[in-house]
Amino acid sequence: MADKFRDIVARIGAVFREQRKIDAQRALQRYHHLLAQPGDTLPLNEIIPVSKQEDVSGKCPRI
């Protein structure tokens with residue numbers, strides 16, 4: 001009886017692990033655009049100084 005219970009618990013654990021793996025793959029596919037490589041985008045600290053210079057000069061930044 002105990003062996004049967006352990007087998008059931010092991011199977012349930014395996015199902016939960018597999019479902020977590022599937023959910024993680026779906027999340028990576030859904031949000032892959034947010035996971036850019038370090039060289040693909042500018043870091044935030046490179047963007048801030050430009051806006052500070054524009055604000056100090058009183059000019060509106062051109063887009």
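Described below are features of the structure shown in this document.

## Looking at the overall build of the protein chain
1) Next: The helix and strand tally for the protein chain stands at two helices and zero strands.
2) Next: Taking all 63 residues of the protein chain together, the buried fraction comes to 0%.
3) Next: Summed over its atoms, the accessible surface of the protein chain is roughly 6600 Å², and 60% of this surface lies on carbon and sulfur atoms.

## Notes on the pattern of salt bridges
One side chain can pair with another of opposite charge once the charged atoms of both are near each other.
1) Next: Enumeration over the complete set of coordinates arrives at two salt bridges.
2) Next: Linking Asp-3 and Arg-6 is a salt bridge whose minimum nitrogen-to-oxygen distance equals 3.0 Å. One end of the pair is Asp-3 and the other is Arg-6, both in helix 1 (residues 2-30) and three residues apart, which spans about a single turn. Arg-6 shares its class with Asp-3; the two are exposed.
3) Next: In this structure, Arg-11 and Asp-7 form a salt bridge, with 3.4 Å as the shortest nitrogen-oxygen distance. Note that Arg-11 and Asp-7 are positioned in helix 1 at a spacing of four residues, about one turn of the helix.
4) Next: For Arg-11, a relative accessible area of 56% corresponds to the exposed category.
5) Next: Exposure remark for Asp-7: the relative accessible area of 37% places this residue in the partly exposed category.

Cut-offs applied
- In this convention, every chain numbers its residues from 1, walking through the sequence in written order.
- Two thresholds apply to this predicted model, a pLDDT of at least 70 for residue-level local features and 80 or more for giving and counting side-chain atom pairs, whereas whole-chain, interface and lining totals are computed over all residues.
- Calculation of side-chain values draws on the structure's entire complement of heavy atoms; hydrogens and water are dropped beforehand.
- Helix and strand assignments come from DSSP, with helices taken as H or I runs of at least 4 residues and strands as E runs of at least 2, each series counted from the N terminus.
- Residue burial is assigned from relative accessible area. The probe radius is 1.4 Å, only protein chains are included, and a residue is buried under 20% of its type maximum, exposed over 50%, and partly exposed in between.
- Using a 1.4 Å probe, the Shrake-Rupley method yields the accessible areas, and only the shown protein chains count as cover for residues.
- Here, a salt bridge means any Lys or Arg side-chain nitrogen found within 4 Å of an Asp or Glu carboxyl oxygen.

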